[in-house]
Amino acid sequence: MNKPANVQVSESFRARFTTGEFAQVFAAAVPLDIRLELVDGYLERMTPPMGAHSTRQTAVSGMLWSVLQECAMVEAAIDLGDDTVLVCDVAILHRPMSEQRFLRADEVIVAVEIAETTLDRDLGLKRTAYARAGIPHYWVVDGPHGQVHVFELQPHGDYGPATLIPFGRALPIPGTDRTIVIG
């Protein structure tokens, strides 16, 4: 019986990408059977959405669409700088976008992540990246705990402590006088 090879990859053989190179992959319309994000120049696989995630994402995006129309986007890829493109589950924009490109961080009012199985990543890596890019508001819809973590950008360039809004309570939509209720 063969033993598995113990191969170590040297850092010099790892390929780093810029956001421009990452965009070229998608512009070439190469069919990929995996969902990817670009984090600090490296490709990372996204967790495939499953039942609870998809159901909650559809509900949240539908509620936001009913209030904001074209200023709400699902599966929005956001260019966060020279080497990072993250995909949020729903984005609230300052104005509608119809161009075929990644969003810029300054076009986003709220980035929304649905956290059925990704709470650590959404409250860690993604929270830090969105704050560093200057996205004013960040929501993490925490299905397992039945609450929304609501973050607001502070003058020092990081989000303040989360306000926890339990499911079933009104969640104010920044930039409007409207609310939604996530359940």
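So, how was this worked out
- Residues numbered from 1 in each chain as written.
- Predicted model: local features only at pLDDT ≥ 70, side-chain atom pairs only at ≥ 80, totals over all residues.
- Heavy atoms only, no water.
- Helix = DSSP H or I, 4+ residues; strand = E, 2+ residues; numbered from the N terminus.
- Expected span 1.5 Å × (residues − 1).
- Buried < 20%, exposed > 50% of the residue type's maximum accessible area, 1.4 Å probe, protein only.
- Arc of directions from axis to C-beta.
- Contact = heavy atoms within 4.5 Å.
- Salt bridge = Lys/Arg side-chain N within 4 Å of Asp/Glu carboxyl O.
- Core = buried A, V, L, I, M, F, W, Y, C linked by side-chain atoms within 4.5 Å.

K.L.:
How would you summarise helix α2 (residues 51-68) if you had to cite specific residues and measurements?
P.N.:
Compared with an ideal rise of 1.5 Å per residue, which puts 18 residues at 26 Å, α2 spans 25 Å between its outermost C-alpha atoms and is within 8% of the ideal. Taken together, the buried positions of α2 are H53, R56, Q57, V60, S61, L64, V67 and L68. Buried residues in α2, looked at end-on, bunch into an arc of 125°, giving them a common side. Facing away from the buried side of α2 by more than 90 degrees, the exposed set consists of T55 and T58. Against the buried residues of α2 lie β3 (72-79), β4 (85-93), β6 (108-115), β7 (137-142) and β11 (179-181). Phi turns positive one or two residues past the end of α2, at Q69, with a value near 55°.

K.L.:
Give me the pattern of salt bridges: which residues, what numbers.
P.N.:
Counted by the stated rule, this structure contains 7 salt bridges. The shortest N-O distance in the salt bridge between R104 and D106 comes to 3.2 Å. Taking the relative accessible area as the measure of exposure, R104 reaches 42% and is therefore partly exposed. Classification of D106 by relative accessible area gives exposed; the value is 54%. Each of E99, R101, R104, D106 and E107 takes part in a single network of salt bridges with overlapping partners.

K.L.:
Explain the environment of C71 residue by residue, including any values.
P.N.:
Inspection of the secondary structure assignment puts C71 in the loop between α2 and β3. For C71 and A91, which are 20 residues apart along the polypeptide, the C-alpha to C-alpha distance reads 8.0 Å. Apart from residues no more than four positions distant in its own chain, C71 is found in contact with A91, I92, L93, H94, R95 and P96.

K.L.:
Can you explain the nonpolar core? Please cite residues and give values.
P.N.:
Core analysis: the biggest nonpolar cluster contains 23 residues, and I78, L80, L103, Y130 and I135 have the highest contact counts within it. For this core, the secondary-structure elements that each account for two or more residues are β3, β4, β6, α3 (119-133) and β7. Among all residues touching Y130, those that are not within four sequence positions of it are I78, L80, L86, V87, C88, A111, E113, I135, Y138 and Y159. The next biggest cluster of nonpolar side chains, apart from the first, holds 21 residues, and it includes I109, V110, I165 and L171.

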